[in-house]
Amino acid sequence: MYDKIESESILYIKLNQQTLGVEEYIHLRDATTNDGNVTDIGRMVILPTTYIGSPRHMHEYAQSAMTYVRSYGRPHLLFTFTCKTTWSEIKEEIANGQSPADRHDLIARMFRQKLIKRIAIITNSCIYGEVNCWMYLIEWQKRGLPHAHILIWLKEKIRPGDVDSVIRMEIPDVQHDPVLFEIVSKYMIH
């Protein structure tokens, strides 16, 4: 189903090149000017920046990241967020005989909802301080699950003396908090 949607999207872009104003794209003009031989270029279909994953889309993201760095300096926090096939919302929706790998649509939807919620908690609750800006990138791992890298720029920098109040590196006491111990042991130990 994903391939059908993608092919329809690409067909629309191919058939609407004039509407999208591709003759204004500077890189195509440069190629025809520098090469001189237009017959070698072939019939090119230029993907707009709105086509997720296209080179122009990724270039736009990189430019946005550089703008943040230029304005606010290096990011203060980096979070990673990985999809788990054991999430109860995923397990509840899978039909008998199916595995999570059979339902990429479900995995992508649940991951996006949880990612948006996680970012909202970090940015709106000011857990680590007031947030200037943030951005994230989603990549798909080899095992087929989405994984996000989230960069956070804070209004007030975290000082070296404050790191211990933000980052904890300990396994919870099994007697005191068995649920947290189970979670940390299952997901955080490599």
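Before any of the text, the structure's been laid out above.
Note that the structure is a prediction, hence the values are computed from the model and not measured.

On to a nonpolar patch on the surface, then. Together, Met58, Tyr61 and Leu137 give the surface a local cluster of nonpolar side chains, amounting to about 250 Å² of exposed area. Note that Met58 resides in helix α3 (residues 55-72). When its relative accessible area of 38% is taken as the criterion, Met58 is described as partly exposed.

Turning our eyes to something else, we now look at the packing of aromatic side chains. Enumeration over the complete set of coordinates arrives at 5 aromatic pairs. Note on Tyr68 and Trp153: the rings are 5.2 Å apart at their centroids and 70° apart in plane angle, and the pair reads as edge-to-face. Separated by 85 residues along the polypeptide, Tyr68 in helix α3 and Trp153 in strand β3 (residues 146-154) bring together distant segments of the chain. Note on Tyr68: relative accessible area 25%, which makes it partly exposed. On the numbers, 6.1 Å between centres and 10° between planes, the contact of Trp134 with Tyr136 is stacked. Overall, Trp134 belongs to the partly exposed group, its relative accessible area being 34%. Of note, Lys114 hangs over the ring of Trp87, and the distance from its end group to the ring centre comes to 4.8 Å.

Counting through the fold element by element, Gly21 comes out in the loop between α1 (2-15) and α2 (26-35). A relative accessible area of 16% places Gly21 in the buried class. As for Gly21 and Ile46, which are separated by 25 residues in sequence, their C-alpha atoms are 9.9 Å apart.

A few words on α3. End to end, α3 covers 26 Å across 18 residues, agreeing with the expected 26 Å (1.5 Å per residue, within 8%). One or two steps after α3, the chain reaches Gly73, where phi turns positive at roughly 85°.

Conventions used here
- The residue numbers shown here count from 1 along each chain, following its written sequence.
- Local features are withheld for residues below a pLDDT of 70 in this predicted model, meaning they are given only at 70 or higher, and side-chain atom pairs are given and counted only at 80 or more; totals for whole chains, interfaces and linings count all residues.
- Just so you know, side-chain values use all the structure's heavy atoms and leave hydrogens and water out.
- A patch consists of residues whose relative accessible area exceeds 30% and which take part in no salt bridge; residues with like charges are grouped when within 9 Å of each other, and nonpolar side chains (Val, Leu, Ile, Met, Phe, Trp, Tyr) when within 5 Å.
- A 1.4 Å probe and the Shrake-Rupley method give the accessible areas. Residues count as covered only by the protein chains that appear here.
- By definition, a salt bridge exists where a carboxyl oxygen of Asp or Glu is found within 4 Å of a side-chain nitrogen of Lys or Arg.
- Where helices and strands are cited, they refer to DSSP runs of H or I of at least four residues and of E of at least two residues respectively, numbered from the N terminus.
- Exposure classes here rest on a 1.4 Å probe applied to the protein chains alone. A residue is buried below 20% of its type maximum, exposed above 50%, and partly exposed in between.
- Note on aromatic pairs: the rings of Phe, Tyr and Trp (six-membered ring only in Trp) are paired at centre separations within 6.5 Å, and the planes decide the class, stacked below 30 degrees, edge-to-face beyond 60, tilted for the rest.
- Only lysine NZ and arginine CZ atoms are considered, and such an atom sits over a ring when it is within 6 Å of the ring centre and within 35 degrees of the ring normal.
- What a helix should span is 1.5 Å times the count of its residues minus one.

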